[in-house]
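Below are the chains, spelled out letter by letter.
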Amino acid sequence: MHHVIQWSGGIGSWAATELVRRDHPRDPITLLFADVLIEDSDLYRFNADASHRLGIPITRVCDGRTPFELFTQRSYLGNSRIAPCSQVLKQKPCRRWLTEHTDPADTVLYVGLEPGEQRRAPAVTAGWRPWRVEYPLMQQPDLTKDDLLAWCRNAGLEPPRLYRFGFSHNNCGGLCVRAGQAHWRRTRDVFPDRFAWYAQLEQDFRAKHGNVAILKHRRHGQTHPLPLRDLHTGPAVASALTELDIEHVLRLLGLGERPEDRRRRLQVRSPAKAGDRAG
């Protein structure tokens, strides 16, 4: 049996490979990697280190276009709802390789979905027919991402740096159009140049195609496009308060003042006596 791992360069596909190799030590294994050309540089370092440790070369396929080149050619901006880059730049090159080099009758595909991603499995399985798909990590329901990262380090490998920076996945260099606002804020903070590049590409696209954006936000019950350049001016957060605002709030709450001043401010005067009012 030929075992083909859908290798993403992330911790899930690495762990899935370790489990497959453990269960099928004598069978051929292929690490199939679709390069979208905007990956973080450390992904390639991890690919090389992991390939060396596993003793399995990585089979790279590539469409030749970046996601934004695809969006421009199709006049459609990828977003969390529809991301043509996933299908065109990853699935199609991999399917082409599978068609040319494997037989579905004696080939199993493996995808490194983690236990918390079960809801994605049915669509993935359907999308790869006629090849059979298995999910090794889902057979280990107690494994967390922290467990996988610790396992990787214990195996002598340094995990991809995006995990250390707080990203949940190591794909597209932190520029995944499927991600939400929190993810993009992290990209803005960790990779400001990379974020600025994508924000400008998005603005160029908007200039030609109108009010569209990678992100969305809701206001007054309505959903609106949220351009990356306006992400910092999204829904108000506590950090947007000025120092004067904070001082005013603290003063109203009686915080940040001396105990004797607070007692004086909160002192309740006794009603004046009847004799005091006469006169």
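Keep in mind that this is a model prediction, so the values were computed, not measured.

Undergrad: Explain the overall build of the chain to me, and be specific about the residues and the numbers.
TA: Within the chain, the regular secondary structure consists of twelve helices and seven strands. The buried share among the 279 residues of the chain stands at 42%. Sequence-distant contacts in the chain: of pairs separated by 6 or more residues, those separated by 24 or more amount to 66%.

Undergrad: Kindly report on the sheet that holds strand β1 (residues 2–7), identifying the contributing residues and their values.
TA: The strand order across the open sheet built from five strands is β3-β2-β1-β4-β5, with neighbouring strands paired in parallel fashion. A strand with exactly one partner marks an edge of an open sheet, and here the two such strands are β3 (58–61) and β5 (132–134). The average angle at which neighbouring strand axes cross in this sheet is 30°, direction not considered. Across four bridges, β1 lies against strand β4 (residues 107–110) in parallel orientation. When the sheet's bridge partners are listed, His3 is paired in β4 with Val108. Packed on one face of the sheet, helix α1 (residues 11–23) meets β1, β2 (29–34) and β4 and runs near 165° to β1. Relative to β2, helix α4 (residues 84–101) is tilted by about 145°, and along the sheet it contacts β1, β2, β3 and β4.

Undergrad: Mind laying out the pairing of β1, listing which residues take part and the relevant values?
TA: With respect to burial, β1 is a largely interior element, six of its six residues being buried. Strand direction decides the pairing type here: β1 and β2, joined by five bridges, are parallel. The residue bridging Ile5 from the neighbouring strand is Leu31, located in β2. Read from β1 through α1 to β2, the crossover connection turns out right-handed.

Undergrad: Run through the pattern of salt bridges, naming residues and quoting values.
TA: Evaluation of the coordinates by the stated rule reveals 15 salt bridges. A salt bridge links Glu18 to Arg53; its shortest N-O distance comes to 2.7 Å. With Glu18 in helix α1 and Arg53 in helix α2 (residues 41–54), this residue pair connects regions lying 35 residues apart in the sequence. Owing to a relative accessible area of 10%, Glu18 belongs among the buried residues under this scheme. Lys145 is the partner of Glu114 in a salt bridge, and the nearest nitrogen-oxygen pair spans 2.5 Å. Placement of the pair is Glu114 in the loop between β4 and α5 (121–127) and Lys145 in helix α6 (residues 145–154), with a sequence separation of 31 residues. Classification of Lys145 by relative accessible area gives partly exposed; the value is 21%. When salt bridges with common partners are traced through the structure, they connect Glu18, Arg21 and Arg53 into a single cluster.

Undergrad: Could you give an account of helix α9 (residues 192–209), naming the residues involved and the relevant values?
TA: With 18 residues, α9 should reach 26 Å at 1.5 Å per residue; the first-to-last C-alpha distance of 25 Å fits that figure. Of the positions making up α9, those classed as buried are Arg194, Phe195, Tyr198, Ala199, Glu202, Gln203, Phe205 and Arg206. Residues of α9 that are buried sit in contact with α3 (67–74), α7 (161–164) and α8 (181–190).

Undergrad: Go over the packing of aromatic side chains, please, and point to the residues and values.
TA: In this structure the tally under the stated criterion is ten aromatic pairs. Seen from their ring centres, Phe68 and Tyr198 are 5.0 Å apart, and the 90° between their planes marks the pair as edge-to-face. Remark: Tyr198 occurs in helix α9 and Phe68 occurs in helix α3; sequence separation between them is 130 residues. Among the aromatic residues, those joined into a cluster by ring pairs are Phe68, Phe71, Trp184, Phe195, Trp197 and Tyr198. The residue whose ring lies beneath Arg164 is Phe165, and the NZ or CZ to ring-centre distance is 5.3 Å.

Undergrad: So what's going on with the side chain of His183? Residues and values would help.
TA: Tracing the sequence through the fold places His183 in helix α8. Only 3.0 Å separates the side chain of His183 from the backbone oxygen of Gly174, close enough to count as a polar contact. Non-local contacts of His183, meaning those with residues more than four positions away in its chain, are made with Phe167, Gly174, Leu175 and Cys176.

Undergrad: Explain the environment of Leu98 to me, using residue names and the numbers behind them.
TA: Looking at the element boundaries, Leu98 is found in helix α4. Once the C-alpha coordinates of Leu98 and Leu32 are considered, the two residues, 66 residues apart in sequence, prove to be 9.3 Å apart. Leaving out residues up to four positions away in the same chain, Leu98 has contacts with Val4, Gln6, Leu32, Leu109, Trp128 and Trp131.

Undergrad: For the side chain of Asp42, give the residues involved together with the corresponding values.
TA: By secondary structure assignment, the location of Asp42 is in helix α2. Given a relative accessible area of 13%, Asp42 falls into the buried group. Look past the residues within four positions of Asp42 in its chain and what remains in contact with it is Pro159, Pro160 and Arg161.

Reading guide: rules and limits
Residues numbered from 1 in each chain as written. Predicted model: local features only at pLDDT ≥ 70, side-chain atom pairs only at ≥ 80, totals over all residues. Heavy atoms only, no water. Helix = DSSP H or I, 4+ residues; strand = E, 2+ residues; numbered from the N terminus. Buried < 20%, exposed > 50% of the residue type's maximum accessible area, 1.4 Å probe, protein only. Contact = heavy atoms within 4.5 Å. Pairing = 2+ DSSP bridges. Axes fitted to C-alpha atoms, helices over the stretch in contact; angles between N-to-C directions. Right-handed = clockwise from strand over helix to strand, strands pointing away. Salt bridge = Lys/Arg side-chain N within 4 Å of Asp/Glu carboxyl O. Expected span 1.5 Å × (residues − 1). Phe/Tyr/Trp six-rings, centres within 6.5 Å; stacked < 30°, edge-to-face > 60°. Lys NZ or Arg CZ within 6 Å of the ring centre and 35° of its normal. Polar contact = N/O pair within 3.5 Å; in protein donor to acceptor, adjacent residues only side chain to side chain.

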